[in-house]
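Remarks on the overall topology
Listed here are the chains, written in short residue letters.
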Amino acid sequence: MRRRPAIALVAFGIGTVATLGGCASTPTATPAATDTKAPPAAVDAALAPIPGSLLVPGPEGTVRWRSLKGLSAGKEYDVTTTATTVEGATFATRTADLEIAYWSINDTDGVRLHAVDSLGDKARSVFTPPLVIAPATLGADGCNAESAMRVLNLPKATTERERGTGTRTLRSVRDETITVDGTPTTARVVETTFVAALGAASAERTATIWVTKDLGMVAESWREKIVVLKVFPKETHQLSVRMGVDVPSVESSEGPPASDATKPAK
């Protein structure tokens, strides 16, 4: 049985071709992993640009999150960032026992994803060049990026399992009032889509994330669909928030319908 591809999960919540290293205001066609989906939300053109650094898990250290609905509903988990040199990255962010994302950031290129270890699948996805997660500054035009993608077997990461492309789109949508430790705070709402097209397998993850200027990412609602050989679709979703954060539009949402894969075990 063919394994599902390893793709970026919680840590980054990814089209102009990124072989030139940049983002563009005009999207190009991207590989589709789903048949149909709802139209994107309207974007507030008056929104001020925000630094791309808000869209990373945060500085070195550990942040506690909790899952509200979907995958791991009702559970708390840690997101831990440490320094690294793996695959040329600067930071490694581990999300519970799900993944380790290797990334870098600077004032010129913004945030780039070098690789992701999918721990359950024992696979590493490597992006060449590193995939643009966010530009140095995210404006009204958004960001579109694409990179070649190779999936390698762990632990040695030398044997290739799959290859294809990874594509990410990013849009700044609106501002919303949330509370952080009981204090009203303005958060920017950003929508992202990441598509992995890998031979007979494809995966698409759409996400809405909330970021603040002081804490960066504070909430995320994502939905993922994986298709193998076009006949084995699997869908998962999750609504989660950083501890101490209350996002009414997340917590009141019903979220996507739970499939057998997302329903908690009895």
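Here the structure is a predicted model, which is why all the values come from computation and not from measurement.

**Quick word on the overall build of the protein**
Scanning the protein for helices and strands turns up 1 helix and 15 strands. Counting the 266 residues in the protein, one finds 48% classified as buried. Taken as a whole, the protein presents about 12400 Å² of accessible surface, with 54% of it coming from carbon and sulfur.

**A short note on the packing of aromatic side chains**
For the coordinates displayed, the defined rule picks out 2 aromatic pairs. Judged by centre distance (6.2 Å) and plane angle (80 degrees), the rings of F127 and F194 are edge-to-face. Of the two residues, F127 is situated in strand β7 (residues 123-134) and F194 in strand β11 (residues 183-198); the sequence distance between them amounts to 67 residues. Looking at F127, the relative accessible area reads 3%, which means it is buried. Here the guanidinium or amino end of R205 rests over the ring plane of W222, the centre of that ring lying 3.6 Å away.

**So, the pairing of strand β2 (residues 61-70)**
Here β2 pairs with strand β3 (residues 76-83) via 6 bridges, running antiparallel. In the sheet register, R64 faces β3, and the bridge partner there is D78. Linking β2 back to β3 in an antiparallel pair, the connection comprises 5 residues, with S72 at a positive phi of about 60 degrees. In the sheet, β2 pairs with strand β14 (residues 234-242) via 5 bridges, with the strands oriented antiparallel. What sits directly across from K69, in β14, is L239.

**With respect to the pattern of salt bridges**
Summed over all chains, the structure comprises 12 salt bridges. For R124, the salt bridge identified is with E87, shortest N-O distance 3.4 Å. Residue R124 is found in strand β7, and its partner E87 is found in the loop between β3 and β4 (91-95); the two are separated by 37 residues along the sequence. For the salt bridge of R188 with D175, the shortest nitrogen-to-oxygen distance reads 2.5 Å. Of this pair, R188 sits in strand β11 while D175 sits in strand β10 (residues 160-180), and the two are 13 residues apart along the sequence. With relative accessibility at 42%, the residue D175 sits in the partly exposed group. Connected through shared salt-bridge partners, R64, E76 and D78 make up one network.

**Topic: the nonpolar core**
A general tendency of soluble globular proteins is for nonpolar side chains to be buried together. Counting residues in each nonpolar core, the largest one holds 37 residues, and the members touching the most others are L55, L113, F127, M149, L170, V190 and V211. W210, V218, A219 and V241 belong to the second-largest nonpolar core, a separate cluster that totals 10 residues.

**Notes on the pairing of β3**
The pairing of β3 with β4 spans 5 bridges and is antiparallel. Looking at the pairing, T80 lines up with R94 of β4.

**Looking at the confidence of the model for the protein**
The predicted model of the protein averages 79 in pLDDT, with 77% of residues at 70 or higher. Taking the mean pLDDT of every element in the protein, the minimum, 69, falls on helix α1 (residues 248-251) and the maximum, 95, on β4. Note that pLDDT drops below 50 for residues 13-22; the model gives that stretch 41 contacts with residues more than four away or on any other chain. Overall, residues 254-266 carries pLDDT values under 50, and its contacts beyond four positions in sequence, including any with other chains, amount to 16 contacts.

**Comments concerning unusual backbone geometry**
T128 connects to P129 through a cis peptide bond whose omega is -10 degrees. Inspection of the secondary structure puts P129 in strand β7. Here the bond from L154 into P155 is cis, since omega is 20 degrees, no more than 30 degrees from zero. On the secondary structure map, P155 appears in the loop between β9 (143-153) and β10. Phi is positive for K122, close to 55 degrees, though the residue is something other than glycine. Among the secondary structure elements, K122 is positioned in the loop between β6 (110-118) and β7. Phi angles above zero are rare outside glycine, and A157 is one such case at about 55 degrees. Tracing the chain through its elements places A157 in the loop between β9 and β10.

About the thresholds
- Residues numbered from 1 in each chain as written.
- Predicted model: local features only at pLDDT ≥ 70, side-chain atom pairs only at ≥ 80, totals over all residues.
- Heavy atoms only, no water.
- Helix = DSSP H or I, 4+ residues; strand = E, 2+ residues; numbered from the N terminus.
- Buried < 20%, exposed > 50% of the residue type's maximum accessible area, 1.4 Å probe, protein only.
- Areas by Shrake-Rupley, 256 points an atom, 1.4 Å probe, with all protein chains shown as cover.
- Phe/Tyr/Trp six-rings, centres within 6.5 Å; stacked < 30°, edge-to-face > 60°.
- Lys NZ or Arg CZ within 6 Å of the ring centre and 35° of its normal.
- Pairing = 2+ DSSP bridges.
- Salt bridge = Lys/Arg side-chain N within 4 Å of Asp/Glu carboxyl O.
- Core = buried A, V, L, I, M, F, W, Y, C linked by side-chain atoms within 4.5 Å.
- pLDDT = per-residue confidence, 0-100.
- Contact = heavy atoms within 4.5 Å.

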